[in-house]
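One-letter residues, chain by chain:
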Amino acid sequence: MLDHILNGPGGVRSGWRLLLFVILAAIPFFIIQVSLSAAGFRLNLSHGLPPTLILIAEGIEFLCPLFAAWVMLHLEKKSFRDYGLPARGAFGREFWAGAAIGFAALSALVLGIRLCHGFYFGRLALGAKGILYFGGMWAAAFLVVGFAEEFLFRGYALATLSDSIRFWPAAIALSVLFGLVHLSNLGENQLGALSAGFVGLLFCFSLRRTGSLWFAIGLHAAWDYAESFIYSVPNSGVLVQGHLMNSHFQLNAPTWLTGGSVGPEGSVFVFVVLAIMFVVVDRMYPEVRFPARPAADERKLRPEGDVVSSVPETAGGNE
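The rules we used
Residues numbered from 1 in each chain as written. Predicted model: local features only at pLDDT ≥ 70, side-chain atom pairs only at ≥ 80, totals over all residues. Heavy atoms only, no water. Salt bridge = Lys/Arg side-chain N within 4 Å of Asp/Glu carboxyl O. Helix = DSSP H or I, 4+ residues; strand = E, 2+ residues; numbered from the N terminus. Buried < 20%, exposed > 50% of the residue type's maximum accessible area, 1.4 Å probe, protein only. Expected span 1.5 Å × (residues − 1). Polar contact = N/O pair within 3.5 Å; in protein donor to acceptor, adjacent residues only side chain to side chain. Core = buried A, V, L, I, M, F, W, Y, C linked by side-chain atoms within 4.5 Å. Contact = heavy atoms within 4.5 Å.

Caption draft 1: Here's a closer look at the pattern of salt bridges. If you walk through the whole model with that rule in mind, you get seven salt bridges. The partner of Arg17 in a salt bridge is Asp163, and the shortest N-O contact between them spans 3.6 Å. Placement of Arg17 in helix α2 (residues 14-38) and of Asp163 in helix α6 (residues 156-165) is noted, with a sequence separation of 146 residues between them. What makes Arg17 buried here is its relative accessible area of 14%.

Encoded structure:
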């Protein structure tokens, strides 16, 4: 009876593996949080969100799941490639393609609001030294954000849940969770959380088509960097310290246009931009590449013993 509950046809059921992963990630996370609290570490956001805080907080949120996944890959005899984070391709073409698209998409979103007279760029808020310091620090911070949030929501959890309920149901479930988590941000609202959920679904789609998280990490980091530092607007309700410009939204402009306290992610224009991004990813990467099929499925033996390579899976046959 117990064996039936724990094990399925492919070994330990994915639900139990996912639970063990969560426990392994949660234990060091809470130990670190308690240690920081005992050491007197306190948040001070009176002057905006500093990059050092993001580097520390998101670094912890990345390293804890990474440690848990490292343990699980040894137990499951897999590699980080199976969880969407292969070493091959790190910071390669797909990462930079994602970064370029993320920056261009956020720029188009802000420009759309500007053309409707809802946003004004203002003047530079930093001197040369400030631009170099905060520009570099926020680039590093949002790169860590990309790693942390992509691996947490689209790494081991998505790969393992896909084993149980298939890719798209798992992607939808985790994207809904991703959107709900954003409601904890100060200044966030339901429309902003909904757009975050659709952004999460876009990241899942890019993983599905590229075969790894590198495109999504680049897109995520560049989107946040452009939004928070370059265009200096709230990011999911949060305005960062050391932003580039004294930009502002038109006071009398409707919230559906500007996003209000949420920022551009709360504007209805974000759904237009996201729809275009889905099309762009679909055209750039037409084949399904994730989850990778096991070797037994990739190579089939003929009765004579000859090896026949399988035909690459196409988007039209498995979306």
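Caption draft 2: Representation of helix α8 (residues 190-210) in the model. End to end, α8 covers 30 Å across 21 residues, agreeing with the expected 30 Å (1.5 Å per residue, within 8%). Of all the 21 residues making up α8, 17 are buried; the element is thus mostly covered by neighbouring parts of the structure. Capping of α8 at its N-terminal end is provided by Asn189; its side-chain oxygen lies 3.2 Å from the backbone amide nitrogen of Leu191.

Caption draft 3: Examining the nonpolar core more closely. Counting residues in hydrophobic clusters, the biggest one holds 43 residues, and the most contacted among them are Trp138, Trp223, Phe229 and Met277. Going through the elements one at a time, α3 (51-76), α4 (93-115), α5 (128-154), α8, α9 (214-230) and α11 (269-284) are the ones with two or more residues in this core. Not counting residues within four places of it along the chain, the set of residues in contact with Phe229 comprises Leu126, Ile131, Phe134, Gly135, Trp138, Asp224, Gly242, His243, Leu244 and Met245. One finds Phe62, Phe95, Ala170 and Phe290 within the second-largest nonpolar core, a separate group that totals 31 residues.

Caption draft 4: Broad picture of the side chain of Ser236. Mapped onto the elements, Ser236 comes out in the loop between α9 and β4 (248-249). At 2.9 Å, the side chain of Ser236 forms a polar contact with the side chain of Glu265. Those residues in contact with Ser236 that sit more than four places away from it in its chain are His182, Asn185, Leu186, Glu188, Val262 and Glu265.

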